[in-house]
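Reading the structure
Below, each chain spelled out in residue letters.
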Amino acid sequence: CDVPGMRGRTITVSSAGKLFSLTGWRVAWALAPARLATAVASAHTNLTYSAPTPLQAGIAAALREEDGSFGGVAQLFGANFELLATALREHRGLTVCDAQGGYFLVADAGVPDIDFVRSLAAECGVVCTPMSVFYADQDQSESCTLVRFTICKSREHIQRACAALAGRRGRRERVAGT
């Protein structure tokens, strides 16, 4: 997005867990203009408790070797979004919220999110996150119908989830974790 003055007001945050599909590594970074980076650094000291040195060194090496394409991660996540969105619309009747990028797909289940999450997991083994877990207001969370699916997974993982949503899967397994 090329909005005048935006570069000076933007903090870009990234995570090795998402970028390199290293679930659990919990190593992230932020890029920002100096005045904003100072504020981020101050907040960071109060928000984190551990970033193991070997993991930091591993991520630094990966970033040094990266050519800027990040192995087609953006294309993979975009294609995963489209694949899962189609399955959710066609096989479950969900309304999928449009997105231009990111790690998650948000959909409106049309029923209370907690009920939907439980029934989907029981019925086909696909799991997602009820968005109400992010609400502080209990009244607001009880009326929430939005659910979140993770798309920062391998293509094969998303394909297994789509097959499960369509009722085509083998052994009972959890296929689309959040």
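Residues numbered from 1 in each chain as written. Predicted model: local features only at pLDDT ≥ 70, side-chain atom pairs only at ≥ 80, totals over all residues. Heavy atoms only, no water.

Before going further, it helps to spend a moment on the pattern of salt bridges. One pass over the full model with this rule turns up one salt bridge. Between Arg92 and Glu123 there is a salt bridge, with the nearest N and O atoms lying 2.4 Å from each other. With Arg92 in helix 4 (residues 73-92) and Glu123 in helix 5 (residues 113-124), this residue pair connects regions lying 31 residues apart in the sequence. Taking relative accessible area as the criterion, Arg92 reaches 22% and is therefore assigned partly exposed. (Salt bridge = Lys/Arg side-chain N within 4 Å of Asp/Glu carboxyl O. Helix = DSSP H or I, 4+ residues; strand = E, 2+ residues; numbered from the N terminus. Buried < 20%, exposed > 50% of the residue type's maximum accessible area, 1.4 Å probe, protein only.)

A few words on the sheet that holds strand 6 (residues 146-150). Pairing is antiparallel in the open sheet, where four strands are placed in the order 3-4-6-5. Each edge of the sheet is formed by a strand with only one pairing partner; in this case those strands are strand 3 (95-96) and strand 5 (129-130). As judged from the five bridges shared by strand 4 (residues 104-108) and strand 6, these two strands associate in the antiparallel manner. Within the sheet, the bridge partner assigned to Val106 lies in strand 6 and is Arg148. Each of strand 3, strand 4 and strand 6 is contacted by helix 4, which is oriented at about 20° to strand 4, the strand it contacts most. (Pairing = 2+ DSSP bridges. Contact = heavy atoms within 4.5 Å. Axes fitted to C-alpha atoms, helices over the stretch in contact; angles between N-to-C directions.)

Moving on to the confidence of the model for the protein chain. Detailed reading of the predicted coordinates is not advisable wherever pLDDT falls low. Scored by pLDDT, the protein chain comes out at a mean of 86, with 91% of its residues at no less than 70. When the elements of the protein chain are averaged for pLDDT, helix 6 (residues 138-142) gives the smallest value, 70, and strand 3 the largest, 97. (pLDDT = per-residue confidence, 0-100.)

In this section: the environment of Phe116. Note on placement: Phe116 falls in helix 5. Residue class for Phe116 comes out buried when judged on its relative accessible area of 9%. Between the C-alpha atom of Phe116 and that of Val127, which follows or precedes it by 11 residues, the distance is 9.9 Å. When near neighbours in sequence (up to four residues on either side) are disregarded, Phe116 contacts Leu94, Ala109, Val111, Cys128, Val147 and Phe149.

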